[in-house]
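Here are the chains, one letter per residue:
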Amino acid sequence: MNKADLGDMGSKTAAELGWCPRPVVSLGPETSAIEAMLLMNQKQISAVAVVDGVGKIIGNFSISEMRTIMAEHFGALALPVGEFLALEHGTEFQGYSHIHEQEVVQSKGHKFITDRVSRARPRTPGEEVGQALVLVKPNAPFTEILDKIVNHRIHRVYVIDDDEKPCGVVTCTDVLRLVIKATQHQLKVAPTALETAEAQQQDGAGAATAAAAEGAVGAEAVQPEIMDVQADQRQQQQQPQAMAQ
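The shown structure was predicted, so the numbers you read here are calculated from the model rather than taken from an experiment.

What the three strands build is an open sheet, ordered β4-β5-β6; its pairing is mixed. Each edge of the sheet is formed by a strand with only one pairing partner; in this case those strands are β4 (135-136) and β6 (166-171).

Backbone hydrogen bonds hold the strands of a sheet together, and the pairing may be parallel or antiparallel. With mixed pairing, three strands are arranged side by side in an open sheet as β1-β2-β3. A single partner strand is all that each edge strand has here, and the edge strands are β1 (26-27) and β3 (57-62). Pairing of strand β2 (residues 47-51) with β3 involves five bridges; the strand directions are antiparallel. In the strand pairing of β3, Ala47 is matched with Ser62. Sheet strands in contact with helix α2 (residues 81-88) are β1, β2 and β3, and its direction is about 80° off that of β3.

In terms of burial, β6 is a largely internal element, five of the six residues being buried. Judged from the five bridges that link them, strand β5 (residues 156-160) and β6 form a sheet pairing that is antiparallel. The residue bridging Tyr158 from the neighbouring strand is Val169, located in β6. Linkage of β5 to β6, two consecutive antiparallel strands, is achieved through a turn of five residues, within which Glu164 is found at a positive phi near 65°.

This part takes up α2. Every buried residue belonging to α2 is among Val81, Gly82, Phe84, Leu85 and Ala86, and all of these are buried. Elements in contact with the buried residues of α2: β1, α1 (33-43), β2 and β3. In the stretch just after α2, Gly90 is the one whose phi turns positive, near 70°.

For the structure shown, the criterion picks out two salt bridges. Note that Arg22 and Asp174 form a salt bridge whose closest N and O atoms lie 2.7 Å from each other. Here Arg22 is found in the segment before β1, whereas its partner Asp174 is found in helix α6 (residues 172-189), with 152 residues between them in sequence. Note on Arg22: relative accessible area 27%, which makes it partly exposed. The class for Asp174 is buried, based on a relative accessible area of 10%. The residue Asp162 makes a salt bridge to Lys137 at a minimum N-O spacing of 3.4 Å. On the criterion of sequence distance, the pair formed by Asp162 in the loop between β5 and β6 and Lys137 in the loop between β4 and α5 (142-152) is long-range, its members being 25 residues apart. Judged by its relative accessible area of 70%, Asp162 is exposed.

A general trend in soluble globular proteins is that nonpolar side chains are found buried together. If you look at the biggest cluster of nonpolar residues, it comprises 20 residues, and the most contacted ones within it are Trp19, Phe142, Ile145, Val159 and Val175. Where this core is concerned, the elements lending two or more residues are α5, β5, β6 and α6. Discounting chain neighbours no more than four positions away, the residues touching Phe142 are Leu6, Met9, Gly10, Lys12, Leu17, Trp19, Val175, Leu178 and Val179. Grouped together as the second largest cluster of nonpolar side chains are 18 residues, Leu39, Val81, Leu85 and Phe93 included.

Analysis parameters
- Residues numbered from 1 in each chain as written.
- Predicted model: local features only at pLDDT ≥ 70, side-chain atom pairs only at ≥ 80, totals over all residues.
- Heavy atoms only, no water.
- Pairing = 2+ DSSP bridges.
- Helix = DSSP H or I, 4+ residues; strand = E, 2+ residues; numbered from the N terminus.
- Contact = heavy atoms within 4.5 Å.
- Axes fitted to C-alpha atoms, helices over the stretch in contact; angles between N-to-C directions.
- Buried < 20%, exposed > 50% of the residue type's maximum accessible area, 1.4 Å probe, protein only.
- Salt bridge = Lys/Arg side-chain N within 4 Å of Asp/Glu carboxyl O.
- Core = buried A, V, L, I, M, F, W, Y, C linked by side-chain atoms within 4.5 Å.

None of this, on its own, says anything about what the molecule does.
Below, the structure is given as structure tokens:
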């Protein structure tokens, strides 16, 4: 299906399509990779969001992280998810340096440091674990979400609020369900080629039947006239014979 075929559905937002708000399974970066795998198995999902102490999304841990794991690598599953992802992406986990204790966060010293960091370089979601997360807001239209999934070749897009907290997730399965639903609706509204051909065939058969019926009625009307003419001809033939006798 081309994006142009989506019609009005293409402009509907993630919120309008019911993709947010809805629960997002998440865990902290300190959770071990094996525990994350167990959680995914229990929830029957293929990925979990990794969030920091205040709920901001900092990473995505999925079943694909296990693609090339061998028996000799099982020890890595004991690592915290944050560190596991960071090492996988060739960096060091920065999350341990993020302090969220109120007495520290509210101090002038902490504000001075964080303000300088913010001025120097804005935070990019996922940088703590070396990931470049692909995210959307609740007002993102379906076409934008579809573009992100296709262009980045990913299986899911997290929906985040203004505080960068995940409030929904859109997976390839969600997209396929929506496209199938739209396609089925189009098939119900528009007749198929077979249905059109059958309708035309029925119309043609009906016209032929009507023509045959009209012909039969015409033949019945002409038949008495023919019989009258034949009777007159016989009567005329009989008159000369009677006079000769």
